[in-house]
Structure formats: C-alpha cells, structure tokens
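# Close look at the chain arrangement
What follows is each chain in one-letter form.
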Amino acid sequence: MRATHELTLPVPTPGTNVAFDVDRVRKDFPLLRQQVHGKPLVYLDNAATSQKPQVVIDTLTRYYAEENSNVHRGVHFLSERATEAHEAARANVRRFLNAADTREVIFVRGATEGINLVAQSYGRTHIKPGDEIIISWMEHHSNIVPWQMLCEDKGAVLRVIPINDDGEVLLDEYERLLTPRTKFVALVHVSNALGTINPVKQMIEMAHRQRVPVLLDGAQAVAHLPVDVQELDCDFYVFSGHKVLGPTGIGILYGKADFLERMPPYQGGGDMILSVTFEKTRYNTLPYKFEAGTPHIAGVVGLGAAIDYLQGIGLDRIAAYEQGLLAYGTDVLSAIPGLRLIGTARGKAGVLSFVLEGIHAHDIGTVLDQQGVAIRAGHHCAMPVMQRFGVPATARASLAFYNTRGELDALGRAIRKAIELFS
Ligand code: PMP
C-alpha cells in the first residue's frame, strides 16, 4: 500500500565543509582530558548525560561562593541577586526555545518530572473513561509509564503508533489512530534508543486538525537540533538540563500559557501560592503556580550558563557537525562483520545502537570500557522498542559535538577487539 503521508526530513545534511574547530571546543571540557584504564577517554555516552564545559562548572562555583541565597523571598541584597540570576536563566530558556513568554517556562527536575506534571495536572482534569492517548512505539519509559498510570486511573486507553524496521513512525497508522476518542498525543522528538528524528511538525499538524494537544519529549533533541516551540506549534515540550551541558536535577517544562493557565497545580507548598488560609488557598500566577518549594537555584543558574555556551557555538553548526560525525560513524560500524545497526531511519541524530552476533551488549560494553571507550549497554529505558527489534539489549554509542572522527575510529577498533576476544 502506498503511504499517503510522506516524511519531510527535519535534519541538516552532513556537514562536509562545516567550519567547526572541535579541538578548541574540547578544551572547554575538563573531564575529556582524563585517561580511563590507562587509555585516553572516549566518551560516547552522551545520550545518557552530557559532559559539562568549564563555564558551567565555574558558574556553579561562583553561585555558591558569591550569590547563594533563597529566591523570591528575601528583601536583602543576596536574595535579590539570586532571584535575578534565577529569572535571567528563565529568560535564557525562553529565548533558547523561542517560547512566546517567560511565564511558559516552568522549572522542573527533568524531562521525567515535566511529563508527569502534564499527565497528572492536564491529564487528571481532561481525560475521561474511554478517551485515548497516543504515544509511539519508540518512547522512553518516562513517556510511557506516566500515561499508562493516567489511563489506569481514568479508564482511558493507550494507543501506540507502530514503527517500521528502520525505526520510523508509520504516519498512515498514526492517521488511523487519530479519532474523535483521541484526547492527547505524547511523542519523542528524537529517540534515545534509535536516534530517529521524528517528523514532529507534521505529526503536530495532524493532531491539531483534530484539536488534540501534543507534548514533545525533547530530552534527546535540544542539545543536537535547533528547537523553536512556536514554529513546531507543540503545546508542551520537556527536556533535562543534564543532557544539554547543564547540571542534573533541573529541567524544563514549556507549555502554552492558555493550557498552563487552565491546569491545576501539580504540587502544593511555598512559592506556588498568593495567599493561604485554612479555608482557601489562592494559587500564584504562572510560572510559579507549578514551582512549589525552594527550587534548584544553582541548577537553574548552571542551565542558563549551559544554554549561553551552546548558543555561542550555534545549534545549526552543532547539528551540521554531528551529522558529519554520524555519517562517518555509520560507515565505521557498517564495515564491521556481524554488526547490525538498530535504528536506520532517514532522519537521525547522533545515536549508533548496534548488536553483534553472539556477543551480549553488556560484554561489548565491558570490553570497550577496558579500551577507554564509554558507551551504554542495555534496553535504554525503551523496552518496547527492544522487543520490536527482537533484541534484549543494544550497545549504544551516542555522539556530541565534542566528539571526533578519531574517537569513532577508536570505537571501531575496540569493537573489533571485542569480536576477537569472544570468537
Ligand atoms: N526521554 C528521553 C528520550 C530520554 O532519553 C530520557 C533520558 N534518558 C528521558 C526522557 C528522561 O530524562 P531524565 O531521566 O533526565 O528525566
């Protein structure tokens, strides 16, 4: 059957001629200088977490050494300074995502908490028995389980968009799943297990034609592609600071103001209120309504510095450089006998997931570690996608703009060594 929905690929072409001084960039990342098991570290586990540039580390140190204080509360100098730094970072995130207003930028713990917030706050008030929520087959557990919990609670039904053998969503199947029963769509922007960049703009348009709101899980996208939430027209977007060169424990939920205004708070406590009596609490305005308790102030400030750093380089240049690396890495791995790449979508970010005939992914990971090469082995918190490809686990090398072709050669050599050892 002919597909009626053609994929429009939202990726830059491989940068053959990109002016990108990777040696200079690497100098900004102190951790990359170290040796592991007597070998130079080759860090290829960027989808799990990114390394941090010196400017982020310095910002955290300076914050604690010179600015530490609680925000939004004190009238004293330090509290005002910390509040300014905190809110300046919010303005940075707004620009980074091109959100229309800083009120639409909510600080949360990470992508996971952002999704749970929407599932609990929007979901619990809008989803009714028999309603349907659509996700894709390649979701991370954090974009499956919160919706499953909501469906169980509400008697709603989770529908899953199937994917093809390359790891691309089947848009015709998606179209078929979108019915008057559909009340929400939650999709991963870039898959952590396969690297697929989903045609999310097209998928959002399709959902909006039926007046269905869409949340995008951008955990693997924001460090690798320019993201413009107004251009995408998504209703919610989440990401984690630690995957975009920032600290752990901080993340972003973007939501369109008219949705957030109509949603009840997710947690109660300090800061999210205007007034409290035992009879009645009046909630604060956006974004504070969703930020109960003392926030991760250092994390917020560190994330602001990380975003500044990334934008200083430019996401367009990063994306183009990484596409070049991905093409090179794909060639290196494809030349290895017995290696099967899992995830060969036409639009891909820098994820190289693979299996080797007769060698378990964990054994590959261990042998590579001995060569100084850090990759991830396992189900990558995406068990359904492993089942879809009929494998228990994959080995996954995931790229960042500070990786080099030389490191991909080292990866190739280390994999050949693993094959030698296990044959
Ligand atoms: N979604 C995707 C696609 C991810 O890769 C991850 C992290 N591996 C998450 C969500 C969850 O991110 P966090 O654990 O930082 O909340």
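Residues numbered from 1 in each chain as written. Predicted model: local features only at pLDDT ≥ 70, side-chain atom pairs only at ≥ 80, totals over all residues. Heavy atoms only, no water.

Right, let's get into the overall build of the chain. Each helix and strand in the chain was counted, giving 14 helices and 17 strands. Since a compact globule built from 423 residues should have a radius of gyration of about 22 Å, the 22 Å found for the chain is in line with a globular shape. C-alpha atoms of the chain, sized along the principal axes, occupy 70 × 60 × 35 Å. Partitioning the intrachain contacts of the chain with sequence separation of at least 6 by distance along the chain shows that 73% fall at a separation of at least 24. When the accessible surface of the chain is totalled, it reaches about 17800 Å², and 52% of it is carbon and sulfur. On the chain, the mean spot of the 42 positive side-chain charges and the mean spot of the 46 negative ones are 1 Å from each other. (Helix = DSSP H or I, 4+ residues; strand = E, 2+ residues; numbered from the N terminus. Rg over C-alpha atoms; globule rule 2.2 N^0.38 Å. Contact = heavy atoms within 4.5 Å. Areas by Shrake-Rupley, 256 points an atom, 1.4 Å probe, with all protein chains shown as cover. Lys, Arg positive; Asp, Glu negative; His and termini not counted. Charge placed at Lys NZ, Arg CZ, Asp CG, Glu CD.)

Looking at helix α7 (residues 200-209), one finds that the buried residues are Val200, Gln202, Met203, Ile204, Met206 and Ala207. Contacts from the buried residues of α7 go to β6 (157-161), α6 (171-177), β7 (182-188), β8 (214-217) and α8 (229-232). One or two residues past the end of α7 sits Arg211, with phi positive at roughly 60°. (Buried < 20%, exposed > 50% of the residue type's maximum accessible area, 1.4 Å probe, protein only.)

Residue placement: Lys348 occurs in the loop between β13 (339-341) and β14 (351-356). Look at Lys348 and you get buried, because its relative accessible area is 8%. On a C-alpha basis, the gap between Lys348 and Glu168 in space is 9.7 Å, while along the polypeptide they are 180 residues apart. A distance of 2.9 Å separates the side chain of Lys348 from the backbone oxygen of Val351, its partner in a polar contact. (Polar contact = N/O pair within 3.5 Å; in protein donor to acceptor, adjacent residues only side chain to side chain.)

All right, on to the site of the ligand then. The ligand sits among Ala111, Thr112, His140, Ser142, Val188, Asn192, Asp217, Ala219, Gln220, Ser240, His242 and Lys243. His140 places a polar side-chain atom, nitrogen or oxygen, 3.2 Å from a nitrogen atom of the ligand. Contacts to the ligand include Gln220, whose side-chain N or O atom sits 2.7 Å from an oxygen atom. Residue composition of the shell around the ligand, by class: three nonpolar, seven polar and two charged. (Near = heavy atom within 4 Å. Nonpolar A, V, L, I, M, F, W, Y, C, P; charged D, E, K, R; others polar.)

The subject of this paragraph is the pattern of salt bridges. Summed over the entire model, instances satisfying the criterion amount to 17 salt bridges. Measuring nitrogen to oxygen at the nearest pair gives 2.8 Å for the salt bridge that ties Arg90 to Glu291. With Arg90 in helix α3 (residues 77-97) and Glu291 in the loop between β12 (281-283) and α10 (297-313), the pair connects residues that are 201 residues apart, well separated along the chain. Of the two residues, Arg90 and Glu291, both sit in the buried class. Each of Glu87, Arg90 and Glu291 takes part in a single network of salt bridges with overlapping partners. (Salt bridge = Lys/Arg side-chain N within 4 Å of Asp/Glu carboxyl O.)

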